[in-house]
Amino acid sequence: FFPEPPDPPRLQFLRALNGSVDFVPQRASWLKFLFGEEAGSNYILEKPFGVAASKGKLYVTDSFGMQAVVVFDLAKKNFYMLGKTRGAGYLQKPIHVFTDDAGNKYVSDVLRRQVVMFGPDDRFVRSYGNDEFTPVACAVWEDEIYVLDMAKDPDPKDEHLEHRRDQLVVIDRE
C-alpha cells in the first residue's frame, strides 16, 4: 500500500507481469531435458515502453528484446506476441500502442517509420506512412489518426547537422 500508515492508502500494488512465465505453465526439468524448451516459453519483457488495454487484454510494446507487441490475455490466462509473423505486419521497433473502441490496435514503429494497424482479431490490417515521418506515439479519434512525429531533417546550411521536426501529423484512417 502507498502511502504507508498513518496516511490513508491511495494505491495498492497487486501484481507484476513480466513475460510468458506469468501464464505459460513451466515443464518439469526432466521434460525440458528430453524435449527441450518450447519456443517463447520463457520470454521475459526486456524493454517495455508502451501499454494499452482492450477487452481483457494488455498490449505491451517491447522495443528491445523481441521487438514485438506482447499480449497478455488476462481472461484466458494466455500470452502471445503480435507482429512477429513475417509479412506486411512484421514489426521492427514498436514503441507505442493505442487501442480504439472497436478493438483495433495502432502500433508506432520507429524503424518502419509507420503506424501499423491490427484488427480486433490481432491480424494485420494496414500500415500508415511511407517513410515520411518517425512515429513515436499515436491516438485515434473518430476517423483520424494523430501521430506524434519526431523525424530529423538535414540542415540546409550544414550537411553534418540535423534538425528534429517535432509535429503532430493527422492522417485520415480510411
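For the structure itself, look to the data block above.
Our subject in this report is the structure included herewith. Predicted model, so just to flag it, every value in this text is computed and none were measured.

1. Considerations on the overall build of the chain
In step 1: Across its full length, the chain holds one helix and 11 strands.
In step 2: Starting at the N terminus and ending at the C terminus, the chain contains elements arranged as α-β-β-β-β-β-β-β-β-β-β-β.
In step 3: Across the 174 residues of the chain, 37% fall into the buried class.
In step 4: The contacts of the chain with a sequence gap of at least 6 include a subset with a gap of at least 24, amounting to 34%.
In step 5: Total accessible area on the chain stands at roughly 11100 Å², and carbon and sulfur atoms take up 55% of it.

2. Description of the pattern of salt bridges
In step 1: Taken as a whole and judged by the stated rule, the model has four salt bridges.
In step 2: One salt bridge in this structure joins Arg 173 and Asp 100, with 3.0 Å as the shortest N-O distance. Residue Arg 173 is found in the segment after strand E11 (162-172), and its partner Asp 100 is found in the loop between strand E5 (94-99) and strand E6 (105-109); the two are separated by 73 residues along the sequence. As far as burial versus exposure is concerned, Arg 173 and Asp 100 are alike and both buried.
In step 3: Between Lys 105 and Asp 122 there is a salt bridge; the shortest N-O distance is 2.7 Å. Residue Lys 105 is located in strand E6, and its partner Asp 122 is located in the loop between strand E7 (114-118) and strand E8 (124-128); the two are separated by 17 residues in the primary sequence. Comparing Lys 105 with Asp 122 shows no difference in burial state: the two are buried.
In step 4: Linked through salt bridges whose partners overlap, the residues forming this network are Lys 57, Lys 105 and Asp 122.

3. A look at the sheet that holds strand E1 (residues 48-54)
In step 1: In space, the four strands of this open sheet follow the order E1-E2-E3-E4, with antiparallel pairing throughout. Each edge of the sheet is formed by a strand with only one pairing partner; in this case those strands are E1 and strand E4 (78-82). Ignoring strand direction, the axes of neighbouring strands in this sheet form an average angle of 20°.
In step 2: Note that strand E2 (residues 57-62) and strand E3 (residues 68-73) share six bridges and pair antiparallel. Within E3, the residue paired with Thr 61 across the bridge is Val 69.

Rules of the game
- Residues numbered from 1 in each chain as written.
- Predicted model: local features only at pLDDT ≥ 70, side-chain atom pairs only at ≥ 80, totals over all residues.
- Heavy atoms only, no water.
- Helix = DSSP H or I, 4+ residues; strand = E, 2+ residues; numbered from the N terminus.
- Buried < 20%, exposed > 50% of the residue type's maximum accessible area, 1.4 Å probe, protein only.
- Contact = heavy atoms within 4.5 Å.
- Areas by Shrake-Rupley, 256 points an atom, 1.4 Å probe, with all protein chains shown as cover.
- Salt bridge = Lys/Arg side-chain N within 4 Å of Asp/Glu carboxyl O.
- Pairing = 2+ DSSP bridges.
- Axes fitted to C-alpha atoms, helices over the stretch in contact; angles between N-to-C directions.

By themselves, these figures tell us nothing about what the structure is for.
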